[in-house]
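Each chain, letter by letter, is given below.
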Amino acid sequence: LLAHNMKDYILELYIVDDGSSDNSAKVIRQFIEEHDKDNRMHFLCYEKNAYFKWSKDVTPMLKGKYISLISADDFMISGRIEKQIEVLENNSDRYKACFTWATVIDGNGNTIPKYEAAFQRFSRRDVSRYKKIKNLIMYMNHIAAPSNMMDLSMYREIGGINFDSKQLQDYE
């Protein structure tokens with residue numbers, strides 16, 4: 001996140017530890033101490049698997065125009081945030097959320113082939129955009145969670161995360 005050029009935007013960072021048993025809390029506190037020059041980084045601790053509780057608690061605190069939910073084991077390419085904000089700003093009458101392509105990698109950065117097939121369905125040129133979206137919603141549900149960017153007012157309006165979803169954050 002720190003590699004993103006956000007001169008024109010205020011980027012708030014809410015870091016949530018949901019009960020990790022390693023020294024994550026200590027590392028995060030040290031990271032914030034070293035990098036948070038203007039009090040835009042916030043650290044919250046919850047019990048294990050409290051993803052949904054903290055997401056409901058944090059939403060009212062948010063001050064920005066957009067929200068992007070990213071887990072600790074996710075990685076984002078430099079420039080992603082700027083590009084998504086540009087798309088949403090330039091198309092605010094049409095789009096309230098956008099997502100990006102994703103590649104599933106292992107701990108060494110190697111692509112995991114069994115996950116690639118699911119994402120390749122979106123790049124097929126012989127299938128209409130309508131059919132791709134219909135298949136996504138009705139059958140596949142392969143929106144890459146770490147690639148999300150949403151209008152915060154829309155996120156609040158729909159009530160945030162649907163806790164009854166079959167496919168949840170970090171489902172793998």
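This structure is a prediction, so every number in the text was calculated from the model and none was measured. (Residues numbered from 1 in each chain as written. Predicted model: local features only at pLDDT ≥ 70, side-chain atom pairs only at ≥ 80, totals over all residues. Heavy atoms only, no water.)

Visitor: Could you clarify how one ought to interpret the overall build of the protein in this entry?
Guide: Secondary structure assignment for the protein yields six helices and five strands. Going from N to C terminus, the protein has its helices and strands arranged as β-α-β-α-β-α-β-α-α-β-α. Burial analysis of the protein (172 residues in total) assigns 32% to the buried set. Sequence separation of at least 24 residues holds for 66% of the intrachain contacts in the protein that already meet a minimum separation of 6. In the form shown here, the protein has an accessible surface area of approximately 12200 Å², with 52% of it arising from carbon and sulfur atoms. (Helix = DSSP H or I, 4+ residues; strand = E, 2+ residues; numbered from the N terminus. Buried < 20%, exposed > 50% of the residue type's maximum accessible area, 1.4 Å probe, protein only. Contact = heavy atoms within 4.5 Å. Areas by Shrake-Rupley, 256 points an atom, 1.4 Å probe, with all protein chains shown as cover.)

Visitor: What is the right way to read the sheet that holds strand β5 (residues 149-151) from this model?
Guide: Pairing between the strands of a sheet comes from backbone hydrogen bonds, and it takes one of two forms, parallel or antiparallel. Taken in spatial order, the three strands of this open sheet run β3-β5-β4, and their pairing is antiparallel. With one partner strand each, in any of the chains shown, β3 (66-67) and β4 (97-98) form the two edges of the open sheet. Along the sheet, helix α3 (residues 80-90) contacts β3, β4 and β5; its crossing angle with β5, the most-contacted strand, is approximately 35 degrees. (Pairing = 2+ DSSP bridges. Axes fitted to C-alpha atoms, helices over the stretch in contact; angles between N-to-C directions.)

Visitor: I would appreciate a short explanation of the nonpolar core in the present structure.
Guide: The nonpolar side chains of a soluble globular protein tend to be buried, and buried together. Counting residues in each nonpolar core, the largest one holds 12 residues, listed as Tyr14, Leu44, Tyr46, Trp54, Val58, Leu62, Ile67, Leu69, Met150, Leu152, Met154 and Tyr155. Sorting the residues of this core by element identifies β2 (41-46), α2 (51-58) and α6 (152-157) as the ones contributing at least two each. Broken down by element, this core gets its largest block of residues, three residues, from α6. (Core = buried A, V, L, I, M, F, W, Y, C linked by side-chain atoms within 4.5 Å.)

Visitor: What's the story with α3 in this structure? I'm lost.
Guide: Since the α-helix turns once every 3.6 residues, residues separated by three or four places project in the same direction. Within α3, the full set of buried residues consists of Arg80, Ile81, Glu82, Gln84, Ile85 and Leu88. Buried residues belonging to α3 abut β3, β4 and β5.

Visitor: Is there a simple way to think about helix α1 (residues 24-35) in this case?
Guide: Between the first and last C-alpha of α1 there are 16 Å, a value that for 12 residues agrees with the 16 Å anticipated at 1.5 Å per step. Taken together, the buried positions of α1 are Ala25, Ile28 and Ile32. Projection of α1 onto a plane perpendicular to its axis shows the buried side chains occupying an angular sector of 65 degrees, all on one side. In α1, those exposed residues whose orientation departs by more than 90 degrees from the buried face are Lys26 and Glu33. Elements in contact with the buried residues of α1: β1 (13-18) and β2. (Expected span 1.5 Å × (residues − 1). Arc of directions from axis to C-beta.)

Visitor: It is not clear to me how the side chain of threonine 59 should be interpreted in this structure. Could you clarify?
Guide: With respect to the helices and strands, threonine 59 occurs in the loop between α2 and β3. Since its relative accessible area comes to 14%, threonine 59 is described here as buried. Not counting chain neighbours up to four residues away, the residues in contact with threonine 59 comprise Tyr155 and Arg156.

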